[in-house]
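These are the residues of each chain, in order.
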Amino acid sequence: MSNPVKFIDEEENNEVMEDVVSKSESKTSDNTEDNLTNFYQVELPSKGYLGYPSVIEYRDVVFGDEVKIKMATDETYIRTVNKVLKGILNNPSFYDDICIFDRDYLLLWTFANSYSPKQPMQMTCQSCNSKNDVTIDLTELNVTDIDPEIPVPFKMDLKSGESIEVHLPTVSDELVAESLYRDSKEYNFDDYMIQSTIKVKDKQFKNQKQKFEWIIENINAKEISVIKKFHERFSYGVDDRIERECENCGEVNTGRYPFRLEDFFIYSGPEDDFEYYLRLNKKT
Ligand SMILES: [Zn+2]
């Protein structure tokens, strides 16, 4: 199974993460989770173009969230991560409709702010093979906003005579793909994911499996490549590419930040925070 947190390759319209996010300590009185919790606000890179709000509230990651993520297995990882994130966002009714590019952005943002934006990782030099310990500042990763010209939905008439509507992958599409993939590994996760983003108009299917079978038989190769191009052309969000100079030979290496939530718990332990409390506790 692929990591649920995938980032994209878009060069244009890059903005630094910090610029698109406003962190305000706006306390909301009517949140159901916990009236004492601070809620902050984050602006999504989809900017409201996908039918849900552009600004979302979130609270700090708490111990309970951490425990749930730690308990997740590979099998339950996607479902657990979404459940935990939904709670952090105060359970918005539209959570399942959120595009996974926004979801990934939200994960990165909420966890980077609750733990530390600075994450250590190791990069192996492509030239001399030496291992470099580097620190990545997650708030410095580039973020691309959605193209406002995105058609919602993207409509196509198929050669088979049917009409379809395609959208960018959402949380609920990913859950469908995950369940199809769990049942049968005959196709890869991405193939299941593509089918999830297609609505066949005026056609009833018994279940997702039947819909998948219909799609692989009725959408021709040209049409599926148009669908893939739509996804590529309008993808947006966090760019996880990083560049670092090798300490040994000076070669500039490019890599990707391997974002896994577990890493936050293992490494981030904000040393500064600990030192702060230690100073306060100092015997005089
Ligand atoms: Zn090197």
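Residues numbered from 1 in each chain as written. Predicted model: local features only at pLDDT ≥ 70, side-chain atom pairs only at ≥ 80, totals over all residues.

(A) Structural view of the sheet that holds strand β7 (residues 154-157). The strand order across the open sheet formed by 3 strands is β7-β8-β9, and the pairing between neighbours is antiparallel. Two strands in the sheet have a free side with no partner beyond their single neighbour: β7 and β9 (198-200). Averaged over neighbouring strand pairs, the angle between their axes works out to 25° when direction is ignored. As paired strands, strand β8 (residues 163-166) and β9 are joined by 3 bridges and run antiparallel to one another. Along β9, the bridge assignment pairs V166 with I198. Each of β7, β8 and β9 is contacted by helix α8 (residues 221-233), which is oriented at about 175° to β7, the strand it contacts most. (Pairing = 2+ DSSP bridges. Helix = DSSP H or I, 4+ residues; strand = E, 2+ residues; numbered from the N terminus. Axes fitted to C-alpha atoms, helices over the stretch in contact; angles between N-to-C directions. Contact = placed C-beta atoms within 7 Å.)

(B) Molecular detail of the packing of helix α2 (residues 63-71) against helix α3 (residues 77-88). It is at 9 Å that the axes of α2 and α3 come closest, and there the two elements cross at 170°. When the axes of α2 and α3 are compared, the pair comes out roughly antiparallel. Residues D65, K68 and I69 of α2 form the contact with α3, whose participating residues are T80, V81, V84, G87 and I88. Here the residues of the contact of α2 with α3 are counted per class, giving 4 nonpolar, 2 polar and 2 charged. (Parallel < 35°, antiparallel > 145°, perpendicular 65-115°, else oblique. Nonpolar A, V, L, I, M, F, W, Y, C, P; charged D, E, K, R; others polar.)

(C) Structural view of the pairing of strand β12 (residues 252-256). For β12, the tally of buried residues reaches only 0 of 5 residues, placing the bulk of the element at the surface. Of the strand pairs in this sheet, strand β11 (residues 241-245) and β12 are connected by 5 bridges, and their pairing is antiparallel. Counted as the bridge partner of E243 is T254 from β12. Linkage of β11 to β12, two consecutive antiparallel strands, is achieved through a turn of 6 residues, within which G250 is found at a positive phi near 85°. (Buried ≥ 20, exposed ≤ 12 C-beta atoms within 10 Å, placed from the backbone.)

(D) Fine view of unusual backbone geometry. Across the junction of V152 and P153, the peptide omega takes the value -5°, indicating a cis bond. Residue placement: P153 occurs in the loop between β6 (142-144) and β7. Of note, N129 is a non-glycine position whose phi angle comes to about 70°, a positive value. Along the polypeptide, N129 turns up in the loop between β4 (118-124) and β5 (131-137).

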